[in-house]
Every structure is written in structure tokens, then in C-alpha cells.
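One letter stands for each residue in the lines below.
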Amino acid sequence: MDSSKVSAVLQHKWSKDIMDEGYIPFPKRLLRVLPQFFGDVSLLQVVLAVVDYSRPDLTHPASYEHLAFMAGMPVEEFRKGVTRLKQIGWVKTMGPEDAVWFDLDRLKELITDATTN
């Protein structure tokens, strides 16, 4: 896919390197009910909720409460997912849980590396 056709918002969410093959629209309602259909995909739910909230011009960081709702899980489960993602080095966070900034750059690098080797 021509990266010039990918919006700046999508490029911010995933990066040009990841988006070069295209993307799949993903309904928020499906995100909230993923486990009902596909089992334990809690880490994916956390990542997709964070990516959904992310914008290049974001001025107000997210709260765990809002992101947990978007992910379709209790706040405690969302918190555990974030902790796990941080432990494996895919995500960094900055700030308190009611105004947290997420850095997914390492996960994006890993996706790019895994699909170009």
C-alpha cells in the first residue's frame, strides 16, 4: 500500500513500516467482546485499546478506567495486562493511572522486525 494514502493518524498509531501492507478496520464493539469469541486475548485487547486512544495531537492522556472500558475488561485486569506488557518490554508508560501516556515504539519495532526477516 502506498504510505502516502495512509492517514497521519493511522501512521501515528502503527507507523508507516507496519502500515505499508494495509490495515484491517477493527470495530470497538468487537474489541470489548473478543474473549467471548476467541478466548484469552487480554494483551491484544490492552494494546488495541491503547492504540485506539492514541492520536498524533493528543493533549489529554488516557485513564486506565476509560481504556479498560474500551478493552471490555475490569480496570484490575487492564492494569495486569499493562504490567505484563511492560515486563516483556513491549510498552512503556508515563504518569498516573488517571492520566497515563503510553509508548508503543518497541512493540512497533518488533512487529516490523518480525515481518521483514
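Here, the structure is the one placed above.
All values reported here derive from a predicted model rather than from experimental measurement.

**Student:** Mind laying out the overall build of the protein, listing which residues take part and the relevant values?
**Tutor:** Secondary structure assignment for the protein yields seven helices and two strands. Each helix (α) and strand (β) of the protein, taken in turn from the N terminus, gives the series α-α-α-α-α-α-β-β-α. Here the protein has a C-alpha radius of gyration of 14 Å; the compact-globule value for 117 residues is 13 Å, and the two agree. A principal-axis box enclosing the C-alpha atoms of the protein has dimensions of 40 × 35 × 25 Å. Accessible surface computed for the protein: about 7,500 Å², of which carbon and sulfur atoms make up 55%. Within the protein, one finds 14 positive and 16 negative side-chain charges whose respective centroids are separated by 3 Å.

**Student:** Now, about the packing of aromatic side chains: what can you tell me, with residues and values included?
**Tutor:** Inspection of every chain in the model, using the stated rule, returns three aromatic pairs. Judged by centre distance (6.5 Å) and plane angle (50°), the rings of Phe 37 and Phe 38 are tilted. Each member of the pair, Phe 37 together with Phe 38, is exposed. Judged by centre distance (6.3 Å) and plane angle (25°), the rings of Tyr 64 and Phe 102 are stacked. You can see Tyr 64 sitting in helix H5 (residues 64-71) and its partner Phe 102 sitting in strand S2 (residues 101-103), a full 38 residues away along the chain. Taken together, the ring pairs in this structure connect Tyr 64, Phe 78 and Phe 102 into an aromatic cluster.

**Student:** Give a description of the nonpolar core that names residues and reports values.
**Tutor:** Counting 27 residues, the largest nonpolar core has Trp 14, Phe 78 and Phe 102 as the members making the most contacts within it. The set of elements that each furnish at least two residues to this core consists of helix H2 (16-19), helix H3 (28-38), helix H4 (42-53), H5 and helix H6 (75-87). Among the elements that make up this core, the one with the highest residue count is H4 (six residues). If sequence neighbours within four positions are ignored, Trp 14 has contacts with Met 19, Val 47, Leu 48, Val 51, Lys 108 and Ile 111.

**Student:** Give a detailed account of the side chain of Gln 45, specifying residues and quantitative values.
**Tutor:** Following the sequence through the fold, Gln 45 ends up in helix H4. Those residues in contact with Gln 45 that lie beyond four places of it in its chain are Leu 31, Arg 32, Leu 34, Pro 35, Ala 71, Gly 72 and Met 73.

**Student:** Got a sec to walk through the packing of H4 against H6? Specific residues and values, please.
**Tutor:** It is at 9 Å that the axes of H4 and H6 come closest, and there the two elements cross at 90°. Relative to H6, the element H4 is oriented roughly perpendicular. Counting all contacts with H4, which are made through Ser 42, Leu 43, Val 46, Val 47, Ala 49 and Val 50, the residues of H6 involved are Glu 77, Phe 78, Gly 81, Val 82, Arg 84 and Leu 85. Partitioned by chemical class, the residues of the contact of H4 with H6 number eight nonpolar, two polar and two charged.

Calculation criteria
- Residues numbered from 1 in each chain as written.
- Predicted model: local features only at pLDDT ≥ 70, side-chain atom pairs only at ≥ 80, totals over all residues.
- Heavy atoms only, no water.
- Helix = DSSP H or I, 4+ residues; strand = E, 2+ residues; numbered from the N terminus.
- Rg over C-alpha atoms; globule rule 2.2 N^0.38 Å.
- Areas by Shrake-Rupley, 256 points an atom, 1.4 Å probe, with all protein chains shown as cover.
- Lys, Arg positive; Asp, Glu negative; His and termini not counted.
- Charge placed at Lys NZ, Arg CZ, Asp CG, Glu CD.
- Phe/Tyr/Trp six-rings, centres within 6.5 Å; stacked < 30°, edge-to-face > 60°.
- Buried < 20%, exposed > 50% of the residue type's maximum accessible area, 1.4 Å probe, protein only.
- Core = buried A, V, L, I, M, F, W, Y, C linked by side-chain atoms within 4.5 Å.
- Contact = heavy atoms within 4.5 Å.
- Axes fitted to C-alpha atoms, helices over the stretch in contact; angles between N-to-C directions.
- Parallel < 35°, antiparallel > 145°, perpendicular 65-115°, else oblique.
- Nonpolar A, V, L, I, M, F, W, Y, C, P; charged D, E, K, R; others polar.

These figures come from the coordinates and say nothing about function on their own.
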